[in-house]
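# Notes for the structure review
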Amino acid sequence: MRQTVTILILLIACCSHGQSSRSELTHSNIYYRATYIEGVNKFVGLQTRTDLKDTLIDNIRFQKFLSEDFTDYSQKTEKSVYYETYEEDIYTLLDRNLNLITQVNYKANKEQKATLFGIPTLVDIEFLDTRDSFPEDSLVPTEKTPRKYFDRENNEIYLIFIPDLKTLAVSSDGDFYTKMLLGDPYNNISNGLKNNYQVSTKFDIDKGDEIQLFYRRKWYDDTTGLAVYEDKQFKNCKYVGDTITNKGKALIMEVEGYDYLSGMTDNPEQYLVYVTDSGYYLGSIFIPFKNFSTELKLKEIDNEQQFSLQGVDKIDATDNSFYKIIQIKSNDPTSFYILPFFPFPYAEFGIVQGVISYTKIKGIEQGTKRVRTYITERTNIRDIISKSKNEIEIQIYFTEVSELEIIVQDFDSEKKVGRIKGISKIGLNTFSVSCSKLKKDRAYDLQVNYSNNESSGSLSHSVKNKY
């Protein structure tokens, strides 16, 4: 194996309620196995870990665990039993016959004598900089900094530890490497696997039923290790009626939302969910009516072997009466979620996580419904309303009396279809822009340029003409 790319530890944001800490990053028990061939990463298998019981060996407490290797979890797996301990800063791994496989000081910051994959050797250390920016200052290692211990004679034989979490995240024997999948989506799938959760997507809702999807950003405080959250936006989706189209029966859904970062509301819009005997369509997405359960497998995607993971887990905000289905593919940076009880799939990306904060199903409410807030510390657009065929109304909050210009233009041609100039007052202002040649259901670009004695700036958004 020629490994030309350093394996970095990607700490994907977790999603949970209450006070969370970095320790939740270790709740996943799913790994993938891969190799590098001519500089290209090649997946060769998946692996799960099941902790069995604590065992005393020479008066040292070891964790006994079962490791299962497979390409499809539903089919034959290769099982092995191991014992491991992190006692006194020494990581030790034994096989089922108590033979030594690995022993290394996982907190050492210099060269050491160690045993890697059954062979005594000299081991060097490399601190891995996983900061997501590119600071000019040098890395100052802490217990949270991943540490790579590698064989001095063959740097493709190595172990990567996260010391504060007492976690072996990556191990490579020189031919193949095994990496732990970190983050809340993998925790969810692991929990579903442990509890054998299964759920049907055949939903049953009444008119007026709704859910709220709340997005927030999450990261961990470097000092405390506790989770820090920033509200991002929410989407309210309600079932408002039925209709018959040339595609058959459809549910009329209405969605509206609010963005905490910009202060903007998304005005109500309707979309159709086409229901058939076998499932439902939401745009190009088809969700089949069937029982979903855990599926872990390698499969060919775009002519390459990729891993495809699926799991079922409970939703905290709904008193554990509802479930979510999680789907992850190695060639897709997003995690995809299906709600078995409501036709509103969604995705997560990076450190942004989605939480079902409120449900109203069959008239029964659960959770807490988020409401909009109002930004007053900076100038911001509060609302944009399509008032008529030739009129757009804009509500803007100004922190200073300002001269302003509002421009409405076509996205594609950039041709101006509406424009006004004016002077604002401090506080909430409402402006009406007369427009020409607006087309129904077409989105237009809106630009607000303003200046005052203190500053100048611009705000931009879009508006869809309803008429």
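Report follows, based on the coordinates. Each chain carries its own residue numbering, running from 1 in the written order of its sequence. In keeping with the predicted nature of the model, local features appear solely for residues at pLDDT of at least 70, side-chain atom pairs appear and are counted solely at 80 or more, and the whole-chain, interface and lining totals rest on all residues. Side-chain metrics rest on all non-hydrogen atoms present in the structure, leaving aside hydrogens and water.

Let's shift gears to the sheet that holds strand β31 (residues 416-423). Any two strands between which DSSP finds at least two bridges are classified as paired. The numbering of helices and of strands both runs from the N terminus, where a helix is a DSSP run of H or I of at least 4 residues and a strand a run of E of at least 2. Read from one edge of the open sheet, four strands run β31-β30-β33-β34, paired in antiparallel fashion. The sheet terminates laterally at β31 and β34 (456-464), the two strands that pair on one side only. Within the sheet, the average angular offset between the axes of one strand and its neighbour, ignoring direction, is 15 degrees. Pairing analysis gives seven bridges linking strand β30 (residues 403-410) to β31, with the strands arranged antiparallel. Across the sheet, residue Ile 407 finds its bridge partner in β31, namely Arg 419. Lines fitted to C-alpha atoms define the axes, with helix axes restricted to the stretch in contact, and inter-axis angles between N-to-C directions lie between 0 and 180 degrees.

Residues belong to one nonpolar core when they are buried, are Ala, Val, Leu, Ile, Met, Phe, Trp, Tyr or Cys, and are joined through side-chain atoms within 4.5 Å. Here the term buried applies to any residue with accessible area under 20% of the maximum for its type, exposed to any over 50%, and partly exposed to those in between, with areas from a 1.4 Å probe on protein chains only. If you look at the biggest cluster of nonpolar residues, it comprises 64 residues, and the most contacted ones within it are Ile 211, Phe 307, Leu 309 and Phe 342. Those residues in contact with Ile 211 that sit more than four places away from it in its chain are Lys 235, Asn 236, Cys 237, Leu 339, Phe 341, Phe 342, Phe 344, Ile 356, Tyr 358, Thr 359 and Ile 361. One finds Met 264, Ile 392, Leu 438 and Leu 459 within the second-largest nonpolar core, a separate group that totals 21 residues. Two residues form a contact once any of their heavy atoms are found within 4.5 Å.

Glancing now at the pattern of salt bridges. For salt bridges, the criterion is a side-chain nitrogen of Lys or Arg within 4 Å of an Asp or Glu carboxyl oxygen. A full pass over the atoms with the stated rule returns 23 salt bridges. The shortest N-O distance in the salt bridge between Asp 124 and Arg 152 comes to 3.5 Å. Of this pair, Asp 124 sits in strand β8 (residues 119-127) while Arg 152 sits in the loop between β9 (147-151) and β10 (157-162); the two residues are 28 residues apart in sequence, bridging distant segments of the chain. Judged by relative accessible area, which is 21%, Asp 124 ranks as partly exposed. With relative accessibility at 40%, the residue Arg 152 sits in the partly exposed group. Between Asp 242 and Lys 207 there is a salt bridge whose closest N-O contact spans 3.8 Å. Taken together, the residues span a long stretch of sequence, with Asp 242 in strand β15 (residues 227-245) and Lys 207 in the loop between β13 (199-200) and β14 (210-220) at a distance of 35 residues. Ionic contacts of the salt-bridge type, sharing partners, join the residues Arg 49, Asp 51 and Glu 84 into one network.

Let us now look at the pairing of strand β26 (residues 352-361). Across the ten residues that make up β26, a large majority, nine, are buried. Across eight bridges, β14 lies against β26 in antiparallel orientation. Across the sheet, Arg 216 pairs through a bridge with Gln 353, a residue of β26. Inspection of the sheet shows β26 paired to strand β27 (residues 364-367) by four bridges, in the antiparallel sense. When the bridges of β27 are listed, Lys 360 appears paired with Glu 365. Counting the residues between successive antiparallel strands, the hairpin from β26 to β27 contains two residues, one of them, Lys 362, with a positive phi of roughly 55 degrees.

Glancing now at the pairing of strand β16 (residues 248-259). On a regular strand, one side chain projects to one face of the sheet and the next to the other, so that they alternate. Two elements, β15 and β16, share twelve bridges in a ladder whose sense is antiparallel. By the bridge assignment for β16, Phe 234 is matched with Tyr 258. Between β15 and β16, which follow one another and run antiparallel, lie two residues. Here eight bridges tie β16 to strand β17 (residues 265-275), and the two strands are oriented antiparallel to one another. The partner of Leu 251 across the bridge, within β17, is Val 273.

What follows deals with the sheet that holds strand β28 (residues 380-388). The sheet built from three strands is open, its strands ordered β28-β29-β32 with antiparallel pairing. On the outer flanks of this sheet lie β28 and β32 (427-434), each paired with one strand and no other. For this sheet the average axis-to-axis angle between neighbouring strands, irrespective of direction, equals 20 degrees. Of the pairings in the sheet, the one linking β28 to strand β29 (residues 391-398) comprises seven bridges and is antiparallel in character. By the bridge assignment for β29, Ser 386 is matched with Ile 392.

Summarising the element assignment, Gln 47 is placed in strand β2 (residues 40-57). Nitrogen and oxygen atoms within 3.5 Å of one another constitute a polar contact, given that in protein one can donate a hydrogen and the other can accept it, and given that sequence-neighbouring residues count only through two side-chain atoms. Polar side-chain contacts of Gln 47 include one of 2.9 Å to the side chain of Asp 69.

Let us now look at the environment of Lys 202. Checked against the element boundaries, Lys 202 lands in the loop between β13 and β14. Residues Lys 202 and Asn 291, 89 residues apart in the sequence, show an inter-C-alpha distance of 8.6 Å.

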